[in-house]
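Report on the structure
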Protein chains: 2
Amino acid sequence: MAPAYKLSYFDIMGLGEPIRVLLSYGALEFEDFRVTRENWPGLKSSMPMGQLPVLEVNGKTAHQSMAICRYLGKQLKLNGKDDWEDLEIDTIVDTINDFRAKIGQYHYQSNEQIKNEYQKTLVDEIIPFYVEKLDAIAKENGGYLVGGRLTWADLVFLGLVDYMNFMAKTDLLSKAPNLQKVKENVLKVPNVKNYVDKRPNNH
Amino acid sequence: MAPAYKLSYFDIMGLGEPIRVLLSYGALEFEDFRVTRENWPGLKSSMPMGQLPVLEVNGKTAHQSMAICRYLGKQLKLNGKDDWEDLEIDTIVDTINDFRAKIGQYHYQSNEQIKNEYQKTLVDEIIPFYVEKLDAIAKENGGYLVGGRLTWADLVFLGLVDYMNFMAKTDLLSKAPNLQKVKENVLKVPNVKNYVDKRPNNH
């Protein structure tokens, strides 16, 4: 029987990786369909918004990476213990993605002059600000992002941090011992560790 | 007794408006604290991520506008009937916000040359693409965005569309009869209609 889950994404970590990490955590067998750059133009128009990642679940189609992660987080009981804790998880996930987007503004900037000017703001202001705030939150929660225990926010963080490091051309966690702890705590889960050890590390 | 809810945001619709619409829908009394440009520098560092909107709920502080809307949507029973429908709501909300961000890239661009070049892409490609996709979804759901009935996604849409029209310098719904229907359906709720009729329409 074909697996119930099919993830379509490019052959990189990017926005697909948090979904792969969640599916691996839950030992949910999935087809890891990696679209090549050559095949993408022919597939694009068949995707709901012409974008990837797209997750098929028993024939039903979902898109939007963080919406998919939230859904999987619920299925895997990695959500909050009440509505307020769910709000805290959603908030930190949106904050991580704001940070990712600000780093992406640098990485994807094609105008060299604008890129160089923005690099200074990114390195001197944006990165220290976000890393300090997020590290303080991880400290407060004992090496997790919310509620002092593993939630899908931690898995999203693990799934995005390599992509963010790659785009920022730096190790964002070098001065963030508590965020390193978050990463370690997620990697203590054998299913996740096994997946990470054998995954393709393409950026 | 002070209201249980205090919303801090600038004296514009922007990202605060969907929250105001949701609070109004539920007749949840709230302090609509509008921060002036003059007072903002003194307040900024006291906000969780140096950003607005921020919602206080019985003394607890929340930020990230869409996370707050999702929380209020649950409290007001405007969420999905199951996890999959919640995923559909989250997906359309993220898609609306992707569209908003792409319009914002135009509005907030300070380099005139880049702005003019991007305007063409926005008007010829991005706006028609998103409007057509969203209008088709609204048609399929009978004048709602998800599940053929009112959800918090419809309220978020109503809350953001004026801001998006303002930034895009056009009426995005002029060729979208089904999205107009979504707006009308939300405005059929007397609490929402009353709020919208008397709100400040600042951009």
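Owing to the predicted nature of the structure, the values given are computational and were not obtained by experimental measurement.

1. Quick look at the interface of chain B and chain A
- Each partner contributes to the interface: chain B provides 32 residues, whereas chain A provides 32 residues.
- Carbon and sulfur atoms supply 59% of the area that chain B and chain A bury against each other, a total of about 2,700 Å² over both sides.
- Area buried by chain B at its contact with chain A is led by M49(B), Q64(B) and W84(B), which between them contribute 24% of it.
- A salt bridge links R70(A) to D90(B), with the nearest nitrogen and oxygen atoms 2.8 Å apart.
- Where chain B meets chain A, there are 14 residue pairs in polar contact (both at pLDDT 80 or more).
- Listing elements by their share of the side of chain B that touches chain A, those giving two or more residues are β4 (60-63), α3 (65-75), α4 (83-107) and α5 (112-140) of chain B.
- Ranked by residue count, the leading element in the side of chain B that touches chain A is α4(B), at ten residues.

2. Points about the UniProt feature "domain: GST C-terminal" (unreviewed entry) in chain A
- Summarizing the sequence annotation, UniProt attributes the feature "domain: GST C-terminal" (unreviewed entry) to residues 82-203 of chain A in the numbering used throughout.
- For the annotated span residues 82-203 of chain A, helix accounts for 75% and strand for 0% of the residues, and the straight-line distance between the end C-alpha atoms is 36 Å.

3. Focus on the relation of the copies chain B and chain A
- With an RMSD of 0.0 Å, the fit of chain B onto chain A corresponds to turning through 180° and sliding 0.0 Å along the axis. Viewed as a symmetry operation, the transformation between the two copies matches a two-fold axis.
- Of the interface residues in chain B, 100% have counterparts in chain A that sit at the interface too, so the contact is made through matching surfaces.

4. Description of the environment of L187(B)
All names here are of chain B.
- Looking at the element boundaries, L187 is found in helix α7 (residues 177-187).
- Between the alpha carbons of L187 and D197 there is a distance of 9.9 Å; along the sequence they are ten residues apart.
- Once residues lying within four places of it in the same chain are set aside, the contact partners of L187 are L158, V192, K193 and V196.

5. Digging into the pattern of salt bridges
- The full count for this structure, using the stated rule, is 26 salt bridges over all chains.
- The network of salt bridges with shared partners includes D11(A), E17(A), R20(A), D32(A), R34(A), D162(A) and R199(A).

6. A few points about a negative patch on the surface
Residues and elements named next belong to chain B.
- Side chains of D82, D83, E88 and E140 sit close together on the surface and give a patch of like negative charge.
- Note on placement: E140 falls in helix α5.
- Relative accessible area serves as the criterion here: at 69%, E140 is assigned to the exposed category.

7. Quick word on the environment of V182(B)
Residues and elements named next belong to chain B.
- Within the secondary structure layout, V182 lies in helix α7.
- Judged by relative accessible area, V182 falls into the buried class, the value being 0%.
- Taking the C-alpha atoms as reference points, V182 and E17, 165 residues apart in sequence, are found 17 Å from one another.
- Those residues within four positions of V182 in sequence are excluded, and the remaining contacts are A138, G143, Y144, L145, D154 and F157.

8. Considering helix α4 (residues 83-107) of chain A
- Counted at 1.5 Å a residue, the expected span for α4(A) with its 25 residues is 36 Å, and the 36 Å between its end C-alpha atoms agrees.
- With 18 of its 25 residues buried, α4(A) lies for the most part within the structure.

9. A word on the domain arrangement of chain A
Residue and element names in this part refer to chain A.
- Here the domain parsing of chain A yields domain 1 (5-77 + 191-198) and domain 2 (83-188).
- Centre-to-centre, using C-alpha coordinates, domain 1 lies 21 Å away from domain 2.
- Counting residues at the interface gives 15 residues for domain 1, matched by 15 residues for domain 2.
- For the pair domain 1 and domain 2, the summed buried surface comes to about 1,300 Å²; carbon and sulfur atoms form 78% of the total.
- Counting every contact that joins domain 1 to domain 2 gives one salt bridge.
- Across the contact surface, domain 1 and domain 2 share one residue pair in polar contact (both at pLDDT 80 or more).
- Of all the secondary-structure elements, those providing two or more residues to the side of domain 1 that touches domain 2 are α1 (17-25), α3 (65-75) and α8 (190-198).
- If you tally residues by element for the side of domain 1 that touches domain 2, the top one is α1, at five residues.
- Grouping the amino acids of the side of domain 1 that touches domain 2 by side-chain chemistry returns ten nonpolar, two polar and three charged.

Definitions and cut-offs
Residues numbered from 1 in each chain as written. Chains lettered and ligands numbered in written order. Predicted model: local features only at pLDDT ≥ 70, side-chain atom pairs only at ≥ 80, totals over all residues. Heavy atoms only, no water. Contact = heavy atoms within 4.5 Å. Buried area = accessible area lost by both parts, 1.4 Å probe. Salt bridge = Lys/Arg side-chain N within 4 Å of Asp/Glu carboxyl O. Polar contact = N/O pair within 3.5 Å; in protein donor to acceptor, adjacent residues only side chain to side chain. Helix = DSSP H or I, 4+ residues; strand = E, 2+ residues; numbered from the N terminus. UniProt positions renumbered as here; feature names shortened; annotations may be inferred. Least-squares fit on C-alpha atoms with pLDDT ≥ 70 in both. Patch = residues over 30% accessible without salt bridge, like charges linked within 9 Å, V, L, I, M, F, W, Y side chains within 5 Å. Areas by Shrake-Rupley, 256 points an atom, 1.4 Å probe, with all protein chains shown as cover. Lys, Arg positive; Asp, Glu negative; His and termini not counted. Charge placed at Lys NZ, Arg CZ, Asp CG, Glu CD. Buried < 20%, exposed > 50% of the residue type's maximum accessible area, 1.4 Å probe, protein only. Expected span 1.5 Å × (residues − 1). Domains from an automatic or database assignment. Nonpolar A, V, L, I, M, F, W, Y, C, P; charged D, E, K, R; others polar.

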